Amino acid sequence: QVQLVESGGGLVQAGGSLRLSCAASGIIFDINVMGWYRQAPGKRRELVASINNGGSTNYADSVKGRFTISRENAKNTVYLQMDSLKPEDTAVYYCNTAPRSYFSWGQGTQVTVSS
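Residues numbered from 1 in each chain as written. Predicted model: local features only at pLDDT ≥ 70, side-chain atom pairs only at ≥ 80, totals over all residues. Heavy atoms only, no water.

Caption draft 1: How the structure looks around the overall build of the protein chain. In terms of helices and strands, the protein chain carries 0 helices and 10 strands. Sequence-ordered secondary structure for the protein chain, helices as α and strands as β, is β-β-β-β-β-β-β-β-β-β. With the C-alpha coordinates aligned to their principal axes, the bounding extent of the protein chain is approximately 40 × 25 × 20 Å. Of all 115 residues assigned to the protein chain, the portion counted as buried reaches 41%. Look at the contacts in the protein chain between residues 6 or more apart in sequence, and 55% of them connect residues 24 or more apart. Split by element, the accessible area of the protein chain, about 6100 Å² in all, is 46% carbon and sulfur. Here the protein chain carries 11 positive and 8 negative side-chain charges, and the mean point of each set is 4 Å from the other. (Helix = DSSP H or I, 4+ residues; strand = E, 2+ residues; numbered from the N terminus. Buried < 20%, exposed > 50% of the residue type's maximum accessible area, 1.4 Å probe, protein only. Contact = heavy atoms within 4.5 Å. Areas by Shrake-Rupley, 256 points an atom, 1.4 Å probe, with all protein chains shown as cover. Lys, Arg positive; Asp, Glu negative; His and termini not counted. Charge placed at Lys NZ, Arg CZ, Asp CG, Glu CD.)

Caption draft 2: Looking closely at the packing of aromatic side chains. A complete count under the given rule lists 2 aromatic pairs for this structure. Seen from their ring centres, Tyr94 and Trp105 are 5.7 Å apart, and the 75° between their planes marks the pair as edge-to-face. Of this pair, Tyr94 sits in strand 9 (residues 91-97) while Trp105 is found in the loop between strand 9 and strand 10 (109-114), placing the two residues 11 residues apart along the sequence. You can call Trp105 partly exposed: its relative accessible area is 30%. Following the ring pairs from residue to residue traces out a cluster consisting of Tyr37, Tyr94 and Trp105. One residue, Arg45, lies across the ring of Tyr94, its end atom 4.4 Å from the ring centre. (Phe/Tyr/Trp six-rings, centres within 6.5 Å; stacked < 30°, edge-to-face > 60°. Lys NZ or Arg CZ within 6 Å of the ring centre and 35° of its normal.)

Caption draft 3: Representation of the nonpolar core in the model. Residues Trp36, Val78, Leu80, Met82 and Tyr93 are the most contacted members of the largest nonpolar core, which totals 27 residues. Looking at this core element by element, the count peaks at 4 residues for strand 3 (residues 18-25). (Core = buried A, V, L, I, M, F, W, Y, C linked by side-chain atoms within 4.5 Å.)

Caption draft 4: Spatial organisation of the state of the cysteines. Following the criterion strictly, the structure yields 1 disulfide and no others. In this model, Cys22 is linked to Cys95 through a disulfide, with the two sulfur atoms separated by 1.7 Å. A residue pair is termed long-range when its members are at least 10 positions apart, and Cys22 in strand 3 and Cys95 in strand 9 qualify at 73 residues. With a relative accessible area of 0%, Cys22 lands in the buried category. (Disulfide = S-S within 2.5 Å.)

Caption draft 5: Spotlight on the sheet that holds strand 1 (residues 3-7). Reading across from one edge, 1-3-8-7 is the order of the 4 strands in this open sheet, with antiparallel pairing throughout. Two strands lie at the open edges of the sheet, namely strand 1 and strand 7 (67-72), each paired on one side alone. Across this sheet, the average inter-strand angle for adjacent strands is 15°, counted without regard to direction. Inspection of the sheet shows strand 3 paired to strand 8 (residues 77-82) by 6 bridges, in the antiparallel sense. Residue Ser21 lies in a different strand from strand 8, and its bridge partner there is Tyr79. (Pairing = 2+ DSSP bridges. Axes fitted to C-alpha atoms, helices over the stretch in contact; angles between N-to-C directions.)

Caption draft 6: Representation of the environment of Gly65 within the structure. Assignment of secondary structure puts Gly65 in the loop between strand 6 (57-59) and strand 7. According to the relative accessible area criterion, Gly65 is exposed, its value standing at 79%. For the pair Gly65 and Met82, spaced 17 residues apart in sequence, the C-alpha to C-alpha distance is 9.7 Å.

Here it is, written out as structure tokens:
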């Protein structure tokens, strides 16, 4: 059974940083393109960053230059380093395969950025 567990969210002031982690179990982690998604209140879930097994990354324009995705296959974990956070980054953040989410969503981790 596939399980995705996100952690690392919290409340931070604008301009601050957070590092999110996603631990995956029950999948062959290193063959998947993994991504971080977010869903703000009243908005659709969107893909903000993805990374393939070779380490190539893609970012949404809204986070490019501020967020960095990385992965550690030996630990079945993908990370999202978020710097220069803005109030509009406030959302619940999730990980899953990308660009299409194949697995059930985890509980996500809440990120709140105050102005």
